[in-house]
Amino acid sequence: MNKILLTISIFFFLSCNKNLEKKDCSSDQKTDKKFEMYQMSEMAALMENMYIENEKLKERIKKGDTIGQFPSHFLNIHKAVMTDKSDNDQFFKDQAALFIKSQELIYKDPKNAKQHFNEGINACVSCHQVKCGGPIPKIKKLYIK
(Lines give C-alpha, C1' and ligand atoms only; values in the text may rest on other atoms or scores of the structure.)
Protein backbone atom coordinates (compact mmCIF):
# COMPACT_ATOMS: atom_id res chain seq x y z
CA MET A 1 0.00 0.00 0.00
CA ASN A 2 2.80 2.42 0.89
CA LYS A 3 4.60 1.63 -2.39
CA ILE A 4 1.47 2.50 -4.36
CA LEU A 5 1.05 5.84 -2.54
CA LEU A 6 4.73 6.60 -3.06
CA THR A 7 4.51 5.79 -6.77
CA ILE A 8 1.40 7.98 -7.20
CA SER A 9 3.01 10.85 -5.29
CA ILE A 10 6.13 10.69 -7.46
CA PHE A 11 3.98 10.62 -10.59
CA PHE A 12 2.06 13.75 -9.53
CA PHE A 13 5.24 15.53 -8.52
CA LEU A 14 6.88 14.88 -11.89
CA SER A 15 3.78 15.84 -13.87
CA CYS A 16 3.49 19.12 -11.92
CA ASN A 17 7.13 19.94 -12.63
CA LYS A 18 6.61 19.38 -16.36
CA ASN A 19 3.59 21.75 -16.34
CA LEU A 20 5.62 24.42 -14.55
CA GLU A 21 8.41 24.06 -17.09
CA LYS A 22 5.94 24.55 -19.95
CA LYS A 23 4.54 27.68 -18.34
CA ASP A 24 8.01 29.10 -17.81
CA CYS A 25 8.80 28.69 -21.52
CA SER A 26 5.86 30.89 -22.47
CA SER A 27 7.34 33.78 -20.51
CA ASP A 28 10.18 33.97 -23.07
CA GLN A 29 7.80 35.46 -25.63
CA LYS A 30 8.22 39.19 -26.11
CA THR A 31 5.21 41.42 -25.60
CA ASP A 32 4.81 45.02 -26.56
CA LYS A 33 1.94 45.64 -24.16
CA LYS A 34 2.59 47.96 -21.27
CA PHE A 35 0.70 47.52 -18.03
CA GLU A 36 -1.28 50.60 -17.15
CA MET A 37 -2.77 51.02 -13.70
CA TYR A 38 -6.36 52.29 -13.63
CA GLN A 39 -6.57 55.66 -11.98
CA MET A 40 -9.90 56.95 -10.67
CA SER A 41 -11.12 60.36 -11.68
CA GLU A 42 -11.64 62.91 -8.92
CA MET A 43 -15.39 62.33 -9.15
CA ALA A 44 -15.09 58.54 -8.92
CA ALA A 45 -12.83 58.85 -5.87
CA LEU A 46 -15.21 61.35 -4.27
CA MET A 47 -18.19 59.08 -4.88
CA GLU A 48 -16.36 56.12 -3.36
CA ASN A 49 -15.59 58.26 -0.32
CA MET A 50 -19.22 59.47 -0.11
CA TYR A 51 -20.41 55.87 -0.25
CA ILE A 52 -18.17 54.83 2.64
CA GLU A 53 -19.19 57.83 4.73
CA ASN A 54 -22.86 57.18 4.01
CA GLU A 55 -22.50 53.56 5.11
CA LYS A 56 -21.27 54.84 8.47
CA LEU A 57 -23.99 57.51 8.60
CA LYS A 58 -26.65 54.90 7.86
CA GLU A 59 -25.54 52.87 10.88
CA ARG A 60 -25.56 55.95 13.13
CA ILE A 61 -29.09 56.85 11.99
CA LYS A 62 -30.33 53.28 12.51
CA LYS A 63 -28.86 53.16 16.02
CA GLY A 64 -30.15 56.61 16.91
CA ASP A 65 -26.62 57.89 17.54
CA THR A 66 -25.61 61.50 17.13
CA ILE A 67 -25.34 62.42 13.47
CA GLY A 68 -22.27 64.66 13.64
CA GLN A 69 -21.29 67.34 11.14
CA PHE A 70 -22.04 67.58 7.44
CA PRO A 71 -18.90 66.49 5.55
CA SER A 72 -18.09 69.70 3.69
CA HIS A 73 -15.90 67.89 1.16
CA PHE A 74 -19.17 66.49 -0.30
CA LEU A 75 -19.55 69.94 -1.86
CA ASN A 76 -16.68 69.00 -4.19
CA ILE A 77 -19.30 67.11 -6.20
CA HIS A 78 -19.91 70.40 -8.02
CA LYS A 79 -16.32 70.78 -9.21
CA ALA A 80 -14.62 67.35 -9.16
CA VAL A 81 -13.26 66.27 -12.54
CA MET A 82 -15.20 63.41 -14.11
CA THR A 83 -13.90 60.57 -16.22
CA ASP A 84 -16.04 61.88 -19.09
CA LYS A 85 -16.28 65.65 -18.75
CA SER A 86 -19.41 65.74 -20.93
CA ASP A 87 -21.30 63.97 -18.11
CA ASN A 88 -21.12 67.17 -16.06
CA ASP A 89 -24.28 68.53 -17.68
CA GLN A 90 -27.36 70.23 -16.25
CA PHE A 91 -29.00 66.92 -15.35
CA PHE A 92 -25.98 65.92 -13.27
CA LYS A 93 -25.84 69.35 -11.64
CA ASP A 94 -29.53 69.13 -10.68
CA GLN A 95 -29.14 65.63 -9.19
CA ALA A 96 -25.98 66.66 -7.34
CA ALA A 97 -27.83 69.64 -5.85
CA LEU A 98 -30.67 67.33 -4.69
CA PHE A 99 -28.14 64.99 -3.13
CA ILE A 100 -26.35 67.81 -1.29
CA LYS A 101 -29.63 69.33 -0.10
CA SER A 102 -30.79 65.97 1.28
CA GLN A 103 -27.44 65.36 2.94
CA GLU A 104 -27.42 68.79 4.58
CA LEU A 105 -30.97 68.24 5.86
CA ILE A 106 -29.86 65.08 7.66
CA TYR A 107 -27.65 67.24 9.87
CA LYS A 108 -30.04 70.20 10.14
CA ASP A 109 -33.14 68.08 10.84
CA PRO A 110 -31.92 64.88 12.56
CA LYS A 111 -35.45 63.95 13.66
CA ASN A 112 -36.19 63.17 10.00
CA ALA A 113 -32.71 61.88 9.19
CA LYS A 114 -33.95 58.59 7.73
CA GLN A 115 -36.24 60.37 5.24
CA HIS A 116 -33.54 62.85 4.21
CA PHE A 117 -30.95 60.08 3.92
CA ASN A 118 -33.17 58.01 1.62
CA GLU A 119 -33.97 61.09 -0.48
CA GLY A 120 -30.23 61.57 -0.97
CA ILE A 121 -29.90 57.95 -2.05
CA ASN A 122 -32.83 58.48 -4.45
CA ALA A 123 -30.89 61.35 -6.07
CA CYS A 124 -27.87 59.08 -6.51
CA VAL A 125 -29.93 56.28 -8.06
CA SER A 126 -31.81 58.69 -10.36
CA CYS A 127 -28.57 60.15 -11.64
CA HIS A 128 -26.89 56.79 -12.11
CA GLN A 129 -29.89 55.47 -14.05
CA VAL A 130 -29.04 58.05 -16.70
CA LYS A 131 -25.28 58.49 -16.37
CA CYS A 132 -23.60 55.28 -15.21
CA GLY A 133 -25.73 52.34 -14.13
CA GLY A 134 -22.96 50.10 -12.81
CA PRO A 135 -23.01 51.21 -9.16
CA ILE A 136 -26.81 51.19 -8.76
CA PRO A 137 -27.04 47.80 -6.96
CA LYS A 138 -24.34 48.94 -4.53
CA ILE A 139 -26.00 52.32 -3.98
CA LYS A 140 -29.39 50.72 -3.30
CA LYS A 141 -27.83 48.83 -0.37
CA LEU A 142 -27.57 52.19 1.41
CA TYR A 143 -31.34 52.65 1.74
CA ILE A 144 -32.61 52.59 5.30
CA LYS A 145 -35.67 50.36 5.51
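Provided above is the structure to which this section pertains.
Notes on the structure follow. No experiment lies behind these values; they were computed from the predicted model shown.

## Brief notes about the packing of aromatic side chains
Line of reasoning, step 1. Counted according to the given criterion, the structure contains three aromatic pairs.
Line of reasoning, step 2. Plain terms: the ring middles of Phe 70 and Tyr 107 are 5.9 Å apart, the flat faces sit at 75 degrees to each other, and that makes the pair edge-to-face. Taken together, the residues span a long stretch of sequence, with Phe 70 in the loop between α2 (42–63) and α3 (90–108) and Tyr 107 in helix α3 at a distance of 37 residues.
Line of reasoning, step 3. By relative accessible area, Tyr 107 is classed as buried at 16%.
Line of reasoning, step 4. Between Phe 74 and Phe 99, the aromatic rings sit 6.1 Å apart at their centres with planes inclined by 25 degrees, giving stacked as the arrangement. With a gap of 25 residues between them, Phe 74 in the loop between α2 and α3 and Phe 99 in helix α3 connect regions that are remote in the sequence.
Line of reasoning, step 5. On the accessibility criterion, Phe 74 (1% relative accessible area) is buried.
Line of reasoning, step 6. Assessed through its relative accessible area of 3%, Phe 99 is described here as buried.
Line of reasoning, step 7. An aromatic cluster of three or more residues is present, and its members are Phe 70, Phe 74, Phe 99 and Tyr 107.
Line of reasoning, step 8. Geometry around Tyr 51 places Lys 138 over its ring, the cationic atom sitting 4.5 Å from the centre.

Scoring rules and cut-offs
- Residues numbered from 1 in each chain as written.
- Predicted model: local features only at pLDDT ≥ 70, side-chain atom pairs only at ≥ 80, totals over all residues.
- Heavy atoms only, no water.
- Phe/Tyr/Trp six-rings, centres within 6.5 Å; stacked < 30°, edge-to-face > 60°.
- Helix = DSSP H or I, 4+ residues; strand = E, 2+ residues; numbered from the N terminus.
- Buried < 20%, exposed > 50% of the residue type's maximum accessible area, 1.4 Å probe, protein only.
- Lys NZ or Arg CZ within 6 Å of the ring centre and 35° of its normal.

Geometric values such as these leave the question of function open.
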